[in-house]
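Coordinates in review
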Amino acid sequence: MSTKFDSNSETAASNAQGSLDAVIVGAGFSGLFMLHKLRGIGLSAKIYEAGDGIGGTWYWNSYPGARCDVQSVEYSYQFSEDLQQDWNWSERYASQPEILSYLEHVTDRFDLRRDVVLKTRVSGAEFDEKSNRWKVTSDDGRVVDAQFLIMATGALSTIFYPDIPGREAFKGQSAHTGAWPLEGLDFQDKRVGVIGTGSSGIQCIPIIAEQAEHLTVFQRTPAYSVPAGNYDLDPGWLTEFKNDYSGLRERNEATMGGFGSDHPVNTELALQVSEKEREDQYQHRWQNVGGLLFLGAYADLLTDPAANQTAAEFVRQKIRATVIDPEVAERLMPTTMIGCKRLCTDTNYYETYNRANVSLVDIKDSPIEEITETGLRIGEKSYDLDCIVFATGFDAMTGAISNIDIRGKGGTRLTDKWADGPINYLGVGTAGFPNLFTIVGPGNPSVLTNMVCTIEHHVGWVAECIEYLRSNSFSAIEVTPAAELDWVAEVNAIAASTLFPTCNSWYLGANIPGKPRVFMPYLGLPPYREKCAEVAKEGYSGFDLT
Ligand code: FAD
Ligand code: N01
C-alpha cells in the first residue's frame, strides 16, 4: 500500500506519550466514536492506527465499486442530531470515497484528529497486575501505559491471501481488495484476473470488466447476489426524510439487524403461502426493495431449509434468466442455503458475464496451483495476466486481535486462551484480561447487523461502564469465567437453531485453513441490547470489579 500521510495528525515520532487513561486501537467507525465518548467523560485517550489515514474499512477498501450495503442514511452515526441533519448523502448506498469523506468530516467536526496517531501498529500489550494497567507496545518499539485498552481493531480488517505459491513472483500489478493501493490499479486494456466472488469480488467485477481488455474471474464457490437497487438520492426527498430521522433510528433499533424498518421482515412463513404469493413477494423484494432486505421476505428463511430453498431457487431462476450462456449460468448458481454466507448485493453482476471480454473459470475441483511471473497456472493450463485482484476476504472477527501479542494475568496469551475459538462475555471482555474491551468483536451481533448502529451501542456501553468504574473508585473490571462460558454457550445455541452453521462462511472461521470452526457473532440486536442494559443495571453482573 502506498502511503498518504495526514500532516494534521500526530506522527509516531512526535507522540511518544508515556501514560494515558485509555489506548484505543483502530481509527474506524468504532475507534473514532470511542475517542469522542472517552473525552466526553474526561479521560485522556489516544487512538493508534496502523494505516496512514483514518477510516478503517473505508480507508483500506478503496477498490473500484466499494460501497455499503446498508442504506447510507442508516449506515451512519446517530449520536449527534446536528451531524445527521447536516450531512447529505448523495446515493442510496454510498460509495467508499463518500463514506471516507464522511468519516474525515466527523473526525474534524469533533476535533478528534489531535489524538489519532497514524502509521502505528500495536504489536503487544501486557497487563500489570500490581497497577491494574496495560503496557502497550507498537511495532516501532514505543511503549504506552494505560488503564484501559480498547480494541477497535475491526471485524473485517485482517486481509487473507490464500496460500498459493509464487505470489511474489508475479511481474504484473496485483492487489488485495482489502488493502487497495491509494493510486489504484490501471485496468485499461489489460488482461485482468479476479480471484474470489464474495461481496468484494462481486462489487469490483462489473467495473473492472468495463475497463479491461479481458477479465477472467476465478470462482471457487458461487455466491448469491441480489441487485442493490442503488440510485441517487433526491435532495427534496432527503430534506423531507430528515424531518423524522430520529423516528427511523428508533424504529430500526427494534429490528433484528438495526436497519430496514421501512421494509420489515414479513412475519409469514414461506411455505404457508401459495407459490404465486411467494413469487410475488420475492419479485417485490428483488425489484423494488433490493439488497439485503431480500432475506426479510419470510420469517423462516434462515431457520427452515425448505423455506430457504424457495428463495434460493428464485435467485437461481434470476441467474438463468440473466446469463445468456446456459453453461456459464449453471456455474454461477449457488447450491448452499441462501443467507448462510453473507448475502451479496450488486449492480449488474450477473449481466457482466454476458460481455464478450469476460470469462468465468470454475476452480472448485481444480484449484489455482501457482502464481507465475506472467499470470497463474491451473493444472496444465496457464492464464496470462497483466493484473491480479485478490478478492479473497479476511481473517474475520478474531484476526486483528490475534495478531497482537496480548498477555493478561499470569502472562496468559489471549491467542492461547482462544486457540479453540473466542471465549468472552457479551463480546466485550474476557476472563483473565482485566480492563481490556473489544468493540464489536466475536460474541457481539456486529457483522449480522447495521454495524454503525451496533458500534454506537457497544461504544456507549463501554464508556458508561468506564464512567461507572471511575465514579465508584474501581481500578479494574474483569469478566468472570462462569459468565463467559454461559455467554459462549448462548451464542452457539442460538446459531445452532438457524441455518448459519450449514456452510463454510467466515462467520464460522471456515474460510481460513486451520481456524477453529466456531460461529462467532451473536444473533439478535434487541435481545443483546436488553442483556447489556440488564448487566449494567445490576452493577455489572458477570464481571468482578476491583
Ligand atoms: P474497521 O473499520 O475495520 O477499523 C479497524 C481499524 O483498526 C483499521 O483501520 C485497522 O488498520 C486498525 N487496526 C487493526 N489492528 C491494528 C493494530 N494492531 N494496530 C493499529 N491499528 C490496527 N458493515 C455494515 O454494517 N454495512 C455495510 O454496508 C458494510 N460494508 C462493508 C464493506 C466492506 C468492503 C467491508 C470490508 C466491510 C463492510 N462492513 C459493512 C463492515 C465494516 O467493517 C463495518 O461496518 C465498520 O466499518 C467497522 O468499523 P470498525 O471501526 O469497527 O473497524
Ligand atoms: O470476502 P469473502 P469479501 N482460491 O470471504 C474466495 C463485507 N463486505 O472480501 O467461497 C480461490 O466473502 C472465496 O471462495 P469460497 C461483507 O460482510 C461487504 O468478498 O471460500 N478462491 C470467496 O469467493 C463480506 O461478507 C461489502 O470458496 C478463494 C472469496 O475468495 C465481507 O466483507 C463489500 C480462495 C472471499 O469472499 C467479506 O467479503 C465487500 C482460494 N484459495 C465486503 N480463498 C458490501 O457489499 C478464498 N477464496 C457492503
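In this text, all values refer to a predicted model and were calculated from it rather than measured experimentally.

What counts, and where the lines are drawn
- Residues numbered from 1 in each chain as written.
- Chains lettered and ligands numbered in written order.
- Predicted model: local features only at pLDDT ≥ 70, side-chain atom pairs only at ≥ 80, totals over all residues.
- Heavy atoms only, no water.
- Helix = DSSP H or I, 4+ residues; strand = E, 2+ residues; numbered from the N terminus.
- Buried < 20%, exposed > 50% of the residue type's maximum accessible area, 1.4 Å probe, protein only.
- Areas by Shrake-Rupley, 256 points an atom, 1.4 Å probe, with all protein chains shown as cover.
- Near = heavy atom within 4 Å.
- Polar contact = N/O pair within 3.5 Å; in protein donor to acceptor, adjacent residues only side chain to side chain.
- Nonpolar A, V, L, I, M, F, W, Y, C, P; charged D, E, K, R; others polar.
- pLDDT = per-residue confidence, 0-100.
- Contact = heavy atoms within 4.5 Å.
- Expected span 1.5 Å × (residues − 1).
- Disulfide = S-S within 2.5 Å.
- Phe/Tyr/Trp six-rings, centres within 6.5 Å; stacked < 30°, edge-to-face > 60°.
- Lys NZ or Arg CZ within 6 Å of the ring centre and 35° of its normal.
- Pairing = 2+ DSSP bridges.
- Axes fitted to C-alpha atoms, helices over the stretch in contact; angles between N-to-C directions.
- Core = buried A, V, L, I, M, F, W, Y, C linked by side-chain atoms within 4.5 Å.
- Salt bridge = Lys/Arg side-chain N within 4 Å of Asp/Glu carboxyl O.

Looking now at the overall build of the chain. Along the backbone of the chain there are 16 helices and 20 strands. For the chain, the spread of C-alpha atoms along the three principal axes comes to 70 × 55 × 50 Å. By the burial criterion, 57% of the 546 residues in the chain qualify as buried. When the accessible surface of the chain is summed, it comes to about 21,800 Å², and 49% of that surface belongs to carbon and sulfur atoms.

So, about the site of ligand 1. Lining the immediate surroundings of ligand 1 are 32 residues, of which Ser30, Glu49, Asp69, Tyr75 and Met451 lie closest. Between Glu49 and ligand 1, the recorded distance is 2.7 Å, taken from a side-chain N or O atom to an oxygen atom. At 2.8 Å, a backbone N or O of Val122 approaches a nitrogen atom of ligand 1. For ligand 1, the protein covers 95% of the area, taking 980 Å² as the surface of the free molecule. Elements with a minimum of two residues in the shell around ligand 1: α1 (29–40), α2 (57–60) and α14 (451–471). Ranked by residues supplied to the shell around ligand 1, first place goes to α2 with three residues. In terms of residue class, the shell around ligand 1 is made up of 17 nonpolar, 12 polar and three charged.

For the chain, per-residue confidence averages 95 on the pLDDT scale, and 97% of positions sit at 70 or higher. Under a pLDDT of 50 for its full length, residues 1–16 has, in the predicted model, 41 contacts with residues more than four places off or in other chains.

Bringing the site of ligand 2 into the picture now. In the vicinity of ligand 2, 24 residues are found, and the nearest of them are Ser200, Arg220, Thr221, Lys341 and Arg342. Between ligand 2 and Thr221, the relevant distance is 2.4 Å, taken from an oxygen atom to a side-chain nitrogen or oxygen of the residue. In this structure, Ala391 approaches ligand 2 through a main-chain N or O atom, which is 3.3 Å from an oxygen atom. The protein chains hide 87% of the 910 Å² of surface that ligand 2 would expose on its own. Residue composition of the shell around ligand 2, grouped by class: 10 nonpolar, nine polar and five charged.

Our next topic: helix α9 (residues 305–322). The end-to-end C-alpha distance of α9, which contains 18 residues, comes to 25 Å, matching closely the 26 Å that a straight helix rising 1.5 Å per residue would cover. For α9, the set of buried residues is Ala307, Asn308, Thr310, Ala311, Ala312, Phe314, Val315, Arg316 and Ile319. The secondary structure elements touched by the buried residues of α9 are β10 (225–227), α8 (275–289), α10 (326–331) and α11 (349–352). Near the N-terminus of α9, the side chain that reaches the backbone nitrogen of Ala306, with its oxygen 3.0 Å away, is that of Asp304.

Tallied over the entire structure, the rule returns one disulfide. Distance from the sulfur of Cys204, which forms no disulfide, to the nearest cysteine sulfur (Cys344) is 11 Å. For Cys204, a relative accessible area of 1% puts it in the buried group. Here Cys465 stays free of any disulfide, with the sulfur of Cys532 as its closest cysteine sulfur at 10 Å. Classification of Cys465 by relative accessible area gives buried; the value is 0%.

To continue, consider the packing of aromatic side chains. All told, the structure shown has 42 aromatic pairs when counted by the stated rule. Here Phe29 and Tyr77 contribute two aromatic rings whose centre-to-centre distance is 5.1 Å and whose plane-to-plane angle is 65°, an arrangement assigned as edge-to-face. Taken as a pair, Phe29 in helix α1 and Tyr77 in the loop between α2 and α3 (81–86) lie far apart in primary sequence, 48 residues in all. Among the aromatic residues, those joined into a ring-pair cluster are Phe29, Phe33, Trp58, Tyr75, Tyr77, Phe79, Trp87, Trp89, Tyr102 and Phe110. The aromatic ring of Tyr161 is capped on one face by Arg167, whose charged end is 3.5 Å from the ring centroid. In this structure, Lys381 is placed above the aromatic ring of Tyr383, and the distance from its NZ or CZ to the ring centre is 4.9 Å.

In this section: the sheet that holds strand β8 (residues 191–195). Strand order in the open sheet made by the five strands is β7-β16-β8-β9-β12, with parallel pairing throughout. Unpaired on one side and paired on the other, β7 (173–176) and β12 (358–362) mark the two borders of the sheet. Direction aside, neighbouring strands of the sheet carry axes that sit 15° apart on average. When β8 meets strand β9 (residues 214–219), the two strands line up parallel, connected through five bridges.

Ranked by size, the top nonpolar core spans 135 residues in total, and within it Phe29, Tyr77, Phe294, Tyr353, Leu426, Trp461 and Phe543 carry the most contacts. If sequence neighbours within four positions are ignored, Phe543 has contacts with Tyr425, Leu426, Val428, Trp461, Ile477, Glu478, Val479, Thr480 and Val535. Among the nonpolar cores identified, the runner-up in size contains 21 residues, and Val23, Phe127, Leu414 and Phe433 belong to it.

When the charged atoms of two side chains with opposite charge come close together, those side chains can pair. By the definition in use, this model includes 27 salt bridges. A salt bridge links Arg316 to Glu313; the shortest N-O distance between them is 2.9 Å. Taken together, the residues Arg316 and Glu313, both in helix α9 and three residues apart, mark about one turn of the helix. Looking at Glu313, the relative accessible area reads 28%, which means it is partly exposed.

With respect to the helices and strands, the residue Glu351 is situated in helix α11. Separated by 29 residues in sequence, Glu351 and Thr322 place their C-alpha atoms 6.2 Å apart.

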